[in-house]
Each structure stands twice: as C-alpha cells, then as structure tokens.
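An overview of the molecular structure
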Amino acid sequence: SCGQAIVRPEGEAMSYCVNGACPAQLVRLLEHFVGRHAMDIEGMGGKQGIVLIDNGMVKDVADLYTLDRDRLLALDRMAETSVSNLLAAIERSKGRPLAGLLVALGIDHVGSEVAELLARRFHTIDALLEASEESLTAIPSIGPKIAESVVTYFGNEGNQRVIEKLRAAGVRLADEA
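The structure contained in this document is the topic of the report that follows. Bear in mind the structure is a predicted one, so any value in this text is a computation, not a measurement. (Residues numbered from 1 in each chain as written. Predicted model: local features only at pLDDT ≥ 70, side-chain atom pairs only at ≥ 80, totals over all residues. Heavy atoms only, no water.)

1. Focus on the packing of helix α1 (residues 26-33) against helix α2 (residues 46-54)
Threshold: To obtain each axis, a line is fitted to C-alpha atoms, and for helices this fit is confined to the stretch in contact; angles are then taken between N-to-C directions over 0 to 180 degrees. Helix numbering and strand numbering both begin at the N terminus, where a helix is a DSSP run of H or I of at least 4 residues and a strand a DSSP run of E of at least 2. In these notes the angle categories are as follows: under 35 degrees is roughly parallel, over 145 is roughly antiparallel, 65 to 115 is roughly perpendicular, and the rest is oblique. Here a crossing is called left-handed whenever its near helix is offset anticlockwise from the far helix by less than a right angle, and right-handed whenever the offset is clockwise. Working rule for contacts: check all heavy atoms of both residues, and any pair within 4.5 Å makes them a contact. Residue type decides the class: Asp, Glu, Lys and Arg count as charged, Ala, Val, Leu, Ile, Met, Phe, Trp, Tyr, Cys and Pro as nonpolar, and the leftover types, Gly among them, as polar.
Close contact between α1 and α2 brings their axes to 9 Å; oriented N to C, the two are set at 130 degrees. Taken together, the axis directions place α1 and α2 in an arrangement best described as oblique. α1 and α2 meet at a crossing whose hand is right-handed. Along its contact with α1, which presents Leu26, Val27, Leu30 and Glu31, the element α2 presents Gly46, Gly49, Ile50 and Ile53. In terms of residue class, the contact of α1 with α2 is made up of 5 nonpolar, 2 polar and 1 charged.

Take a look at the structure:
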C-alpha cells in the first residue's frame, strides 16, 4: 500500500513491508512503539493512535514528537490534563535507552533481548545504520535471519527518514560507550 518493496525472507511463508512509515501498518506499529518495553509513552493507546492518524497528525512514529498542544486539545476526549500528561510522557520517552528505541521501531526479529545485544555492541543508531550482516552475525545469538532483517530495515529510505525525524526531535539515539 505504501509503494515500498515487499520482502519475503528465505524459508518463510509470509512477505513483509519493511517500511516503518507504511500507512497500512502504522496503527499497530504506533501501539507497539508506545508500549512499556519500547518507548513507554504512558497514556497513549490504540484509540488515541487511530484518532491521531485519522486526523493527519501522525504519519509515522516520529510524528509523535511534533504533536501540537492546540491541535490535540481540539480533538474529542482530549482535555487539558490528558494532553499535558501525554505530551509530558512523550517528552520523557526521548531519554529512553537505545535498546528501547530499537524495540520500538518494530524491526522484524528484534525483541528486547536482541535489542540489548545490538545496543551493547554498536552503542549508536548511526553505527547500526552502517552495520553489515557479517558484523551483526559476529555477535553471539545473532543469526543470519536477524542480521538480514536489521540490515534491510536500516537500508530502507522511509525508515532512515523516521530515524532523522527522531534525531531532529531530540530522541536519544546513542548509549554511553
């Protein structure tokens, strides 16, 4: 639906869109992104996500960081207190560790454990953007399937744009080395 290439990993029955800004996948990705084990944005649920998407306020997960207070207040069921709490939770999420962001991005086969391994090895999103499948498979517990998924994700231009928007918004993209 987004015009990006569909990937069908060898040996798997399913084909996937690897574009993190794919409109057809955005509602689910947004729910995942704000979850406790990801960016931990308290007060942001699936219903709010649908409203934000339907009102054109969120076209990818990075748009959460540019939400406008006045536009939020104009939405149904968004009072001053809930808007203030949501914006504060979004602001707090900017400081989450790199592993949390890696989980939040919804990279196929990258859960909490793999995200921790990647964050400990690479320390920055920029290093991961440049990582090869060989450098990834050199990490114990990272096999070819995970390595291919990570390289494919970060090689996608749409995903790179999301990363740049997160950078511009001040989201933490590195851990201490």
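2. A few points about the packing of aromatic side chains
To describe a pair of aromatic rings, you give the distance between the ring centres and the angle between the ring planes. What counts is decided by this rule: Between the rings of Phe, Tyr and Trp (Trp by its six-membered ring), a pair exists once the centres lie within 6.5 Å; its type follows the angle of the planes, with under 30 degrees stacked, over 60 edge-to-face, and the other angles tilted. Only protein chains enter the accessibility calculation, which uses a 1.4 Å probe; a residue is then buried when its area is under 20% of its type maximum, exposed when over 50%, and partly exposed in between. Charges are assigned to positions over rings by a cutoff of 6 Å between ring centre and Lys NZ or Arg CZ, combined with an angular limit of 35 degrees from the ring normal.
Taken as a whole and assessed by the stated rule, the structure comprises 2 aromatic pairs. Aromatic side chains phenylalanine 33 and tyrosine 65 sit 6.4 Å apart centroid to centroid with 75 degrees between the ring planes, which places their arrangement in the edge-to-face category. Note that phenylalanine 33 is positioned in helix α1 and tyrosine 65 in the loop between α2 and α3 (69-73), a separation of 32 residues in sequence. Comparing phenylalanine 33 with tyrosine 65 shows no difference in burial state: the two are buried. When the ring of tyrosine 153 is compared with that of phenylalanine 154, the centres are 5.2 Å apart and the planes differ by 85 degrees; the resulting orientation is edge-to-face. Judged on exposure class, the residue tyrosine 153 and its partner phenylalanine 154 are both buried. The ring of phenylalanine 122 has arginine 121 sitting right over it, with the charged end atom 4.6 Å from the ring centre.

3. Things to note about helix α9 (residues 144-155)
Spelled out, the test is: How far a helix is expected to stretch is found by multiplying one less than its residue total by 1.5 Å. It is the directions from the helix axis to the C-beta atoms that the arc portrays.
Across its 12 residues, α9 extends 16 Å between first and last C-alpha, which sits within 8% of the 16 Å expected from 1.5 Å per residue. Regarding α9, the residues found buried are Ile146, Ala147, Ser149, Val150, Tyr153 and Phe154. Seen along its axis, α9 keeps its buried residues to an arc of 160 degrees; they face one direction. Relative to its buried face, α9 has exposed residues pointing more than 90 degrees away, namely Pro144 and Gly155. Buried-residue contacts for α9 involve α5 (98-104), α6 (112-122), α7 (125-130), α8 (133-137) and α10 (157-169).

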